[in-house]
Each structure stands twice: as structure tokens, then as C-alpha cells.
Amino acid sequence: MTIRAKLVWFEQEQNSTSQIALNDMRSALLQRPNHGFVANISIGEPAINQLVLMDTVTRYYPANSSTYSIVPFNYWICRYFNGKRGNRGECVYTSSYVDRSRSIGTLSRETFHFTTSNNTVENVSRIAFGCGTDNVGTGFGSQYSGILGLGPSEASILTQVGGTEFSYCIGRIKDLNDPYSHLIIGDGARIEGDPTPLVIHEGSYYVMLDGISIDKKRIVDEKFFPSPKDGGGVTFDTGTPITYLPNKVYKLLSAEIKRYMKGKLNQVEKSVAGDRLCFYGDFLKDLEAYPDVIFHFSGGVDFDLGPDALFDQIYTHLFCVTIRSTSAHQSLVENKSENITIIGVAAMQDHNFGYDLYEEQVYLEYVDCKSISEND
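Keep in mind the model is a prediction, meaning the values are calculated, not measured.

(A) Examining the nonpolar core more closely. Ranked by size, the top nonpolar core spans 70 residues in total, and within it Tyr 168, Phe 236, Phe 295, Phe 297 and Tyr 355 carry the most contacts. The dominant element in this core, judged by the number of residues it contributes, is helix α3 (residues 247–261), at six residues. Those residues in contact with Phe 297, other than ones at most four positions away along the chain, are Thr 196, Val 207, Met 208, Leu 209, Asp 210, Val 234, Phe 236, Phe 303 and Leu 364. In terms of nonpolar packing, the next biggest core, distinct from the first, is built from eleven residues, Val 71, Ile 77, Phe 81 and Ala 155 among them.

The structure is reproduced here in C-alpha cells:
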């Protein structure tokens, strides 16, 4: 089923059982070390703030909310959470994620509160969500309440509000107090820049790479990046700090970076750096120029990794490349997904990403998030 058909069908299924009608939902994105970005939303009556990881705190106690309700097993939306019948006839869900986070609990409905472009707060009632009672992984615990799903499945909040567009702008990841990174869901999303085709496969968003260049030398082409149906694909992941490339691609790119650095800076020994590619020095002070690394996305979109996107100053005298092999990503290895490419937030800095599900395009725009926020 295409996205267009799915949205029409889902709207008919909701019918009059939902009061959802909101076209401009916004949230600040907050940078968290090692966890990428989290969104700030509010749930319940009275509203309680929640920090949730984007799947791209104050704990929530449903007994304290007047708008909370449990979804029964025989209700139509239960099947889209792969729900099972609980002891009291409720819908019990289990959700698992690539990073091995897991949540088990009761499917529920609640009122969500979102800020709009004119700084008013809009309430969206009867949003179905998983109220977890057994949560394991980095998406849960003392810091974060859970995971905000923006995928194409019927269970995601995007589909539930009838949204076909969303965008997020990623600012400077070293600034933990950056007030300008943000997420927009609905018609207010920023859909600007250069479009690359969006591929939807098994409930996830992918794009495709046609190649990678360094200093105008094309080191790999599209043959190195299989499609999602063949176990590959490229995904933008706001929850992953660095970028992961298939091992063959990583070896070729790292060899070129080493060649560029030869005679300029010394490589850090493996006994110190492990499987990361690192060099002694301060890349901003000790390099007069930087390797020009460009990711070439389908549709003729060139995505340039500047020095702050390519390097991470770990210590005052040592920096590392923000790209690793997928063979170093334990969850990808365990799931036999080593042909996937993950673009992490270090590479996504100073860019806005606009998703148009109707047209099946992702728009990449090099932009200052501050300028977007101030012009809204």
C-alpha cells in the first residue's frame, strides 16, 4: 500500500472516533551527549513535560491524568501495535528497537500538547501510545520517558494526526544549550532544499547514495550501496552521534583520509584509538585545509561534510573521524544489517531535513537553524 493510500485508509478507520486535527506541531530538540537529540512534549491533564528520543524527565503517571484511557484488545488500532490480549482484555504491546531498547506495556490513549508557530499550545486528544511498564535500554529510564515514533507505520504519531510532512533542523551538536534545533510536524514543516527520493521499506525511511567523493575523487559508486530490499539503504538517525558505512566503503574512505593526513599529522595507535580512525593534534589549529568529503545522494544531491561534521575533537591533543564501519556497530552485526548506512547527527549539523511523504521525497537544506526559528 502506498503512503497516499495508507493515509486515506487510516483517516477512514479513525472516522469520528478521533478529534485529531492539527497541522502545525512543534518541539524544541535538545542535544544530549551520546544520545543525539530528544524532543520535549507534554502529555495528559494536567500536562506533564516529557523528554523523548526521536526515532528521528518527569515520569508520566497515568493515574494522575483525567484524559488517560486504556485501549481494549478488540479495538482496531491494537493490531498496528502488534498487540496481544491482556488479562483484563486490554491491548498489551511489545516494541523492540535496533539499539536493543525494548518496551512492554499497555496500549493507551492520552491528550498530547504541542506548541505551534504562533507560540500557542494546541491539544491533540486520543493519541494512541505505548504506556510502558517494562522498559529496557537507552530510550528509557531516569533521563528519558521513551521514543517518539515518526515512521510511516499506522502506530506512529505522524500517521495518527494525519500528517504527510515533518521536518527537523539540526544545529551545532557541541552546544548543549543550543535553542534553535527543532522538530515540526504538519503543514508548517520546512520542505525546502534539494530533494532526494524517499524509500519506505518495512516501516522505515531510507534514501540512496550514488557514491562518495573525497577531494573531487569518486572513491565508491552506487554499486557499494544496496537497496533496502537487498539489506541496504541509507537512513538519517537523530539518535546516533556518528556515521556508519558498510565495511568496504569505510576502508576505502579511511584509506583516503590517511593518505591526506600523511606528512601533516600522526595517526593515533590502535592500542589507544581501538577501531576508530584518530590523529594527534587539534584539527582546527593544526590543519591549514581539510579533506573535501561529499556524499552524493540520488537525484543529484551533494551533501558536504565540513570539518566539524567530519572530525570530533576528543581531547585537546587528539581528534577522531566521525565515521566508523558498520562492523563496529554491535546491533547491526547481530541483526545482519551491515550493508545499511547510518548518517549520524555529527554529519547532519547545520542542515534541515524535510520529509514529504505524499511526494516521497526528503529535502536536504544547508541552513542556520537560528535563521529558521527567528523567521517563523
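(B) Summary view of unusual backbone geometry. Residue Pro 46 is reached from Glu 45 by a cis peptide bond, and omega for that bond is 0°. Mapped onto the fold, Pro 46 is located in the loop between β2 (36–43) and β3 (48–54). Phi is positive for Asp 215, which is not a glycine, with a value near 50°. Residues other than glycine seldom take positive phi values, yet Glu 360 does so here, at roughly 55°. On the secondary structure map, Glu 360 appears in the loop between β26 (351–356) and β27 (361–366).

(C) Representation of the sheet that holds strand β20 (residues 293–297). Spatial ordering of the open sheet is given by β16-β15-β20-β21, a layout of four strands whose pairing is antiparallel. Either end of the sheet is taken by a strand with one partner, and the two such strands are β16 (217–221) and β21 (301–305). Each neighbouring strand pair of the sheet contributes to a mean axis angle of 25°, computed without reference to strand direction. Direction of pairing for strand β15 (residues 209–214) relative to β20: antiparallel, over a ladder of five bridges.

(D) Representation of the state of the cysteines. With the rule as written, the count across this model stands at three disulfides. There is a disulfide in this structure between Cys 78 and Cys 91, and the S-S distance comes to 2.1 Å. Where Cys 78 bonds to Cys 91 through sulfur, the torsion about that S-S bond is close to 85°, and the disulfide is right-handed. Within this pair, whereas Cys 78 is found in the loop between β4 (69–70) and β5 (84–85), its partner Cys 91 is found in strand β6 (residues 91–96), the two being separated by 13 residues in sequence. Each sulfur of the disulfide joining Cys 278 and Cys 320 lies 1.9 Å from the other. Torsion about the S-S bond of the Cys 278 and Cys 320 cystine: about 95°, corresponding to right-handed handedness. Residue Cys 278 is found in strand β19 (residues 278–280), and its partner Cys 320 is found in strand β23 (residues 318–321); the two are separated by 42 residues along the sequence. The buried category is assigned to Cys 320, whose relative accessible area is 4%. Shown here for the protein chain is a disulfide pattern of 1-2, 3-6, 4-5, where each number marks a bonded cysteine counted in sequence order.

(E) Layout of the sheet that holds β23. If you trace the three strands from one edge of the open sheet to the other, you get β19-β23-β22, paired in antiparallel fashion. Each having just a single partner strand, β19 and β22 (311–315) make up the two edges of the open sheet. When the angles between neighbouring strand axes are averaged without regard to direction, this sheet yields 30°. Sitting on the sheet, α3 is in contact with β19, β22 and β23, with an inclination near 10° to β19.

(F) How the structure looks around the environment of Ser 254. Relative to the elements of secondary structure, Ser 254 occurs in helix α3. Since its relative accessible area comes to 9%, Ser 254 is described here as buried. As for Ser 254 and Ser 325, which are separated by 71 residues in sequence, their C-alpha atoms are 9.7 Å apart.

(G) Looking closely at the pairing of β23. In terms of strand pairing, β19 meets β23 through three bridges, oriented antiparallel. Considered in β23, the bridge of Phe 279 is made with Phe 319.

(H) Focus on the environment of Leu 318. Mapped onto the secondary structure, Leu 318 falls in strand β23. Of the residues examined, Leu 318 reaches a relative accessible area of 7% and is grouped as buried. Sequence-wise, Leu 318 and Gly 281 are 37 residues apart; in three dimensions their C-alpha atoms are separated by 5.1 Å. In contact with Leu 318, not counting residues within four places along its chain, are Val 268, Cys 278, Phe 279, Tyr 280, Gly 281, Asp 312 and Gln 313.

Cut-offs used in this document
Residues numbered from 1 in each chain as written. Predicted model: local features only at pLDDT ≥ 70, side-chain atom pairs only at ≥ 80, totals over all residues. Heavy atoms only, no water. Core = buried A, V, L, I, M, F, W, Y, C linked by side-chain atoms within 4.5 Å. Buried < 20%, exposed > 50% of the residue type's maximum accessible area, 1.4 Å probe, protein only. Helix = DSSP H or I, 4+ residues; strand = E, 2+ residues; numbered from the N terminus. Contact = heavy atoms within 4.5 Å. Pairing = 2+ DSSP bridges. Axes fitted to C-alpha atoms, helices over the stretch in contact; angles between N-to-C directions. Disulfide = S-S within 2.5 Å.

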